[in-house]
Amino acid sequence: MCLCFSSGSGLISFYNQKLYKYLLWAVFKHTEETQYSVKMFCVSGLVVFMLVLTAEARVGSSSELEFCTDTEECLLYKQQICKKGEYEVRHYESAKWASTNRTTTFEIAAFFCFHDLFKYIRGENDGGHDIEMTSPVVMTIPEVPQTNLGIAMYEMSFLLPSEYQMNPPKPSKDSRVYITETPNRKVYVKNYNESFWKETDKGQADSLSNKLDSIGANFKRQAHHAAVYNHPFKMGKKHNEVWFVAEGEPVCFGED
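Keep in mind it's a predicted model, so treat the numbers as computed, not measured. (Residues numbered from 1 in each chain as written. Predicted model: local features only at pLDDT ≥ 70, side-chain atom pairs only at ≥ 80, totals over all residues. Heavy atoms only, no water.)

Student: Could you clarify how one ought to interpret the sheet that holds strand β3 (residues 79-84) in this entry?
Tutor: Strand-to-strand pairing in sheets goes through backbone hydrogen bonds, with the strands running parallel or antiparallel. In spatial order, the strands read β3-β4-β9-β11-β10-β6-β7-β5-β8; together these 9 strands make up an open sheet with antiparallel pairing. The sheet terminates laterally at β3 and β8 (178-182), the two strands that pair on one side only. This sheet shows a mean twist of 30 degrees between the axes of neighbouring strands, independent of strand direction. Judged from the 4 bridges that link them, strand β6 (residues 137-142) and strand β7 (residues 152-159) form a sheet pairing that is antiparallel. Counted as the bridge partner of T140 is E155 from β7. Packing of helix α3 (residues 106-121) onto the sheet brings it into contact with β5 (95-104), β6, β7 and β8, and relative to β5 it is tilted by some 140 degrees. Each of β4 (87-92), β6, β9 (185-192), β10 (223-228) and β11 (240-245) is contacted by helix α4 (residues 198-214), which is oriented at about 45 degrees to β11, the strand it contacts most. (Pairing = 2+ DSSP bridges. Helix = DSSP H or I, 4+ residues; strand = E, 2+ residues; numbered from the N terminus. Axes fitted to C-alpha atoms, helices over the stretch in contact; angles between N-to-C directions. Contact = heavy atoms within 4.5 Å.)

Student: Looking at this model, I keep getting lost on empty space enclosed by the protein. Mind explaining?
Tutor: Gaps left between atoms show up when a probe the size of a water molecule is rolled over them. Enumeration over the complete set of coordinates arrives at 2 cavities of 30 Å³ or more. Forming the boundary of the largest cavity are A98, Y120, I121, I131, E132, M133, T134, F158, L159, L160 and P161. Elements with a minimum of two residues in the lining of the largest cavity: α3 and β7. Of the residues contributing to the lining of the largest cavity, the split by class is 9 nonpolar, 1 polar and 1 charged. Its volume calculated, the second largest cavity comes out at about 30 Å³. If you go around the second largest cavity, the residues you meet are L75, Y92, E93, A95, W97, T182 and R185. Tallied by class, residues from the lining of the second largest cavity come to 4 nonpolar, 1 polar and 2 charged. (1 Å grid on protein atoms, 1.4 Å probe; cavity = no way out; pocket = protein on both sides within 12 Å on 5 of 7 lines; lining within 4 Å. Points joined across faces, edges and corners; volume = space filled by probe spheres on them. Nonpolar A, V, L, I, M, F, W, Y, C, P; charged D, E, K, R; others polar.)

Student: Mind showing me how you'd approach the state of the cysteines here?
Tutor: Put plainly, two cysteines are in a disulfide when a covalent bond ties their sulfur atoms together. With the rule as written, the count across this model stands at 2 disulfides. Put simply, C68 and C74 are joined by a disulfide, and their sulfur atoms are 1.5 Å apart. A torsion of -50 degrees about the S-S bond marks the disulfide between C68 and C74 as left-handed. Here the two residues C68 and C74 agree in accessibility, since each one is buried. C82 shares a disulfide with C252; S-S distance 2.2 Å. In this structure, the disulfide formed by C82 and C252 twists by about -105 degrees around the S-S bond and is classed as left-handed. On the criterion of sequence distance, the pair formed by C82 in strand β3 and C252 in the segment after β11 is long-range, its members being 170 residues apart. For C82, a relative accessible area of 3% gives the class buried. Taking the relative accessible area as the measure of exposure, C252 reaches 36% and is therefore partly exposed. (Disulfide = S-S within 2.5 Å. Buried < 20%, exposed > 50% of the residue type's maximum accessible area, 1.4 Å probe, protein only.)

This is how it looks when you write it as structure tokens:
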């Protein structure tokens, strides 16, 4: 008898459900004389199926992260490679996001990007889905020369919940929103317990880049990412982060 499995996970795509049903069909349709072939086919199919699942993003219950408290689901990292105080190196798997961008100043971009993305998750998408907020909201902030008066292209992204990671709803035709997928990557992280503002973010990013320079780390310097877990007016304990993407194998800060 072939080893079979459940399709209960919300992450299983339509394709995977069809594969599952086909494997069951193969088990019961073939005759006694072909049972060995069926076994081998089913096991091979199961391996493919499991590889598909393990390649998916780790988006799940916020209870797995002690600092993710404002939403039910968060981006979960595959591995915490090392940690020292407020500094970490994390390994994130690929994930899908709803994204948009504006070429203007930081403040204007943040306002309009959030507005566009919020309209997308509140129904301006193919199917009119009402999509739950997740954490973090990520804003990509380029290194901007002072002579530019802060004008640059800023991108903001909402992490798609686990049920939409395989098949994200398409944005409406007239929307400025598009679907992006971040690659499997290793990230240098600095966390801080202040609200997310332009000046705060810049100070934290400068602190992290200086620390990385001091340990000889290679990282993508063209931009950093602000990972925002709390809204600016949240009272009490806060947690927000700055990220730089590692180039090559990361260098650890040391361990606590």
